Amino acid sequence: MIRGFFVCGLYGLAVLASAAEPAPGTAISFLACPIARDTGPDTDLCFFAEHDGTRYALVNPPDWGVPQLKHRVLVEGRVKEGASSCGAVGIEGRASVMAEIDNSCDVLLPFDDVIKGVAGGVFNNGTPQQRALAQDLARRAALDPRLSIEPAIAEAPPVPPPVPPFERRTQTLLYPFDSDRASGPDMVKLKELATFAQVAKARIVTVAGYRATSHLSDGNDLIERPGMAEIRAKKIAAILAALGVNAAHTQVSWEDRAILGSGNDDWRNRKAEVIVEP
Amino acid sequence: MKAVTIDDNSASAVANWYSMKSRLKSLRGGALLAAAALTGIGAAGLGFAAAEYDATEAWWKPGDARLMPASADYADALGRVRVLNAAGSLQTKDHAFFTALGSNGRACVTCHQPSNGMGLSVDTVRKRWQDTAGKDPLFAAIDGSNCPNLPQQERTSHSLLLDRGLFRVFLPWPPRAGDGSAVEPEFTIEVVRDPTGCNTDPIYGLNSKSPTISVFRRPRPVANLKYLLELPHGVPPSDFLFYNDKSLLPRNPETGGFASLQLMSDGRDLTPRIQARDAASNHLQAHAALNPKQLSQIESFEIQVYSAQSFDKVGRELTGADSPPGLGPEALEKGAPARLGNNPINRIFGSFAMWQSAPAGSDGGDADRARREFRESVARGSDIFYVRRFIINDVGRYNDKGLGNPFKRSCGSGCHNTLLMGMDLAPGYMDLGLNNLPWASARPDLPLFKVVCNSKSAPQSYLGRIIYTHDPARALITGKCADVGASMTQQSRSLAARAPYFMNGSAANLRELVDFYDRRFNIGYSESEKVDLVNFLSVL
């Protein structure tokens, strides 16, 4: 399949590019400047990155991975089958914002009236029950504006408490490159795991931290800084303890030798693993 | 004190409204007061009959024996602010909030005046200077002057308080944690410019026996605190996991529960009790710790007091059947705290639709027309606040907390997202550009520091490891490079009663506040949009 030609308005020069679109499942791993794209007056921006003449969409990553201009981004994943987004090829994987500043990453494409965003919000986020309550409040508030100060976002339903039989549970938390900031979804699961550990009166809770190398498509390796494995493990253990998990039953370890990268899903190696043994 | 009533003329305000419209300039940027002075209106410029409003009552002195009503309106620059005691009226005699507890004669109320929406406006500060020839405890050397070592009888020694409403906040360096333990900072700090002399002073400065950094900040209003103290609802991943870095929020050392960080601009004091102890020691110069009864009195009072604008001289009554439901302190008392309001139903402060085409009043005269047009302007302003997106870029501890840089949101759907209050619910401290160069407004009156972060630390995301700042803010508490210049967003209520704005008082009025955002984010508001925004903010 041949990609269409496109014009990049803010590069100063019109750039024409065409390349064979990588087949679904193709592994990619590269460092690049993210490019922001305005998707219309009523929507957020979207981001993509270019590599070997192909644009890869950096859309809806876990919250820590939203790209930032002034910083390069490490893109790791596999080409996704299906529709493109942000005018770029979709990928499954992760984007890591690199900590150091790179002022050359400064391209924001203006709205072109072609790539249009979709506004998010209370009516398409949350659980079905939360959305239904918001719709109901919207209907009532349209008739009675006094209701417009009632909270439109209902509390999420409580997670049902764990019930016996209690069996071993594990969780893997994934991290951006060189960072101890886990994603929101992972932390929600960790909170549930902490509850489980208490209710199940866990005999042993094991926390292990790792750091890793990313093997880039250009043959270079990016190695996380020494100490990351320890930082990740200790941070998770401290959070578990603060949430009520018995620290005396928690074993914390880390492997500071960076896991070698292959260029295939190396992002899965930047992790902390938690095992709860009832 | 009886509830204040206002006479029915407000003629000068109406005249000013038409003048403003014709010039498309916001008189809420200060000219209103100037015009009032020219037209001979009283000190507060309000058109109150003297019998109804005694200017001497506007200042609440420590030790005054008053009845603080359950609800009372107080004159402010644009109309009236209402202060509501949800627990009912109270006698101030011997009440710890209203009593001098230290050696300098100040009480909590000194800097948290009812007539200023429980904050303190610079107009009030100036009037107090005038009325007392600078002898009021408000101007205590410890923090009501630019530095205690200056000649206290001179106005110039209090210029930051008199010009910008700023108090000296002096913090230990290196930082100390809440339990007194040392925090190892990720950066060194050097004084580049020291107009007050305090940071280089051998007794009070950075190189003194007790190394101290002096920064200058506005007092925040002590009102509507339930919205600041409750843990955030609906902010992922949970109410007690800090959105910014997915760490846990700190614990309240007294209850063991998690605590929000919203109370102070730098998040250092987590609860009213902790803040009261800190303030008693540092601002009131109390030599003994507050006793449990005093602490309970202060806390009980602070968590039940609400404040919001209740009357506008042009727009008239802001509460009642034909007013937007989010206005006035009654809405705050009843409202659900710590909820996200950045959705099409809540629109942060509720609907203003009823003012979009405000009905004509009974008399059809100038005042009536002005009221209608003002209300329509406010409604347009609410739309701009909530709907008009702009590019938010390079805000440290905001764009880098998972939102992306840039992020495209409106005022309301971006940083000011808390239902009815308008601060960031995350809870969010951020470097908006108030303190750090190059965004900060020119402030030769403030100290300038050079911060150099060590190479092992994560840099401030958009300024790197060498930062010039007037106030390292949150970083003076955490010692983190990435926090340099970051401060908590603050509530947007009772604004008309407590100018100037921002933590360093850099916006003298609401127009300057709007202009700062317009400049910082290159928004491109039109002149009429700025007027609408200012009018909207003025009624909150």
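Conventions we followed
Residues numbered from 1 in each chain as written. Chains lettered and ligands numbered in written order. Predicted model: local features only at pLDDT ≥ 70, side-chain atom pairs only at ≥ 80, totals over all residues. Helix = DSSP H or I, 4+ residues; strand = E, 2+ residues; numbered from the N terminus. Contact = placed C-beta atoms within 7 Å. Buried ≥ 20, exposed ≤ 12 C-beta atoms within 10 Å, placed from the backbone. Domains from an automatic or database assignment. Core = buried A, V, L, I, M, F, W, Y, C linked by C-beta atoms within 7 Å. Nonpolar A, V, L, I, M, F, W, Y, C, P; charged D, E, K, R; others polar. Pairing = 2+ DSSP bridges.

Undergrad: So, the overall build of chain B: which residues are in play, and what are the values?
TA: Assigned secondary structure in chain B consists of 14 helices and 15 strands. Contacts in chain B between residues at least 24 apart in sequence constitute 68% of all its contacts with a sequence separation of at least 6.

Undergrad: Let's hear about the overall build of chain A: which residues, and what values?
TA: When helices and strands are counted, chain A shows 3 helices and 12 strands. C-alpha atoms of chain A, sized along the principal axes, occupy 65 × 60 × 35 Å. In chain A, which comprises 278 residues, the proportion classed as buried is 39%. Here the contacts in chain A between residues at least 6 apart in sequence split such that 73% fall between residues at least 24 apart.

Undergrad: Please give an account of the domain arrangement of chain A that cites residues and values.
TA: With domains assigned, chain A is organised as domain 1 (9-109), domain 2 (121-157) and domain 3 (169-277). Here the C-alpha centroids of domain 1 of chain A and domain 2 of chain A sit 34 Å apart.

Undergrad: An account of the environment of Gly117 of chain A is requested, with residue identities and associated values reported.
TA: Residues and elements named next belong to chain A. Structurally, Gly117 is set in the loop between strand E7 (108-109) and helix H1 (128-143). By the C-beta count within 10 Å, which is 20 here, Gly117 ends up buried. Note: C-alpha distance between Gly117 and Cys86 (31 residues apart in sequence) is 8.0 Å. If we skip the residues at most four places from it in the chain, Gly117 touches Thr39, Gly40, Thr43, Asp44 and Cys46.

Undergrad: Which residues make up unusual backbone geometry, and what are the values?
TA: Residue Pro165 of chain A is bonded to the preceding Pro164 of chain A through a cis peptide linkage, with omega at 0°. One can find Pro165 of chain A in the loop between H1 and strand E8 (169-174). Of note, the bond from Trp173 of chain B into Pro174 of chain B is cis; its omega dihedral lies within 30 degrees of zero at 0°. By secondary structure assignment, the location of Pro174 of chain B is in the loop between strand E5 (167-172) and strand E6 (187-193). Notably, Ala133 of chain B is not glycine yet its phi reads approximately 50°, a positive angle. For Ala133 of chain B, the location among the structural elements is in the loop between helix H5 (122-132) and helix H6 (159-164). At Phe502 of chain B, a position not held by glycine, the phi torsion is positive, near 75°. Within the secondary structure layout, Phe502 of chain B lies in the loop between strand E15 (487-488) and helix H13 (510-520). On the neighbour-count criterion, Phe502 of chain B (21 C-beta atoms within 10 Å) is buried.

Undergrad: Give a description of the nonpolar core that names residues and reports values.
TA: Counting residues in hydrophobic clusters, the biggest one holds 178 residues, and the most contacted among them are Val205, Val207, Ile236 and Val274 of chain A together with Phe97 and Leu420 of chain B. Taken domain by domain, this core gets at least three of its residues from each of domain 2 (121-157) and domain 3 (169-277) of chain A. Sequence-distant contacts of Phe97 of chain B, that is, excluding residues within four places in its chain, are made with Ala107, Cys108, Val109, Gln297, Ile298 and Phe301 of chain B. Counting 28 residues, the second-largest nonpolar core is a separate cluster that includes Ile28, Leu69, Cys105 and Leu216 of chain A.

Undergrad: A description of the interface of chain A and chain B should follow, citing residues and the corresponding values.
TA: A common way to report how large an interface is uses the accessible area buried once the components associate. Contacts between the two partners involve 39 residues from chain A and, on the opposite side, 43 residues from chain B. Taken together, the elements giving at least two residues each to the side of chain A that touches chain B come down to H1, helix H2 (184-199) and helix H3 (228-242) of chain A. Taken together, the residues of the side of chain A that touches chain B sort by class into 26 nonpolar, 4 polar and 9 charged.

Undergrad: Give me helix H8 (residues 272-282) of chain B: which residues, what numbers.
TA: Residues of H8 of chain B that are buried include every one of Pro272, Arg273, Ile274, Gln275, Ala276, Ala279 and Ala280 of chain B, and no others. Where H8 of chain B is buried, its residues meet helix H4 (108-111) and helix H9 (292-302) of chain B.

Undergrad: Explain the sheet that holds strand E2 (residues 71-76) of chain B to me, and be specific about the residues and the numbers.
TA: All names here are of chain B. In spatial order, the strands read E2-E3-E8-E9; together these 4 strands make up an open sheet with antiparallel pairing. Here the strands that pair on one side only, and so sit at the sheet edges, are E2 and strand E9 (316-317). Alignment of strand E8 (residues 305-312) against E9, held across 2 bridges, turns out to be antiparallel. If you follow Phe311 over to E9, its bridge partner there is Glu317.

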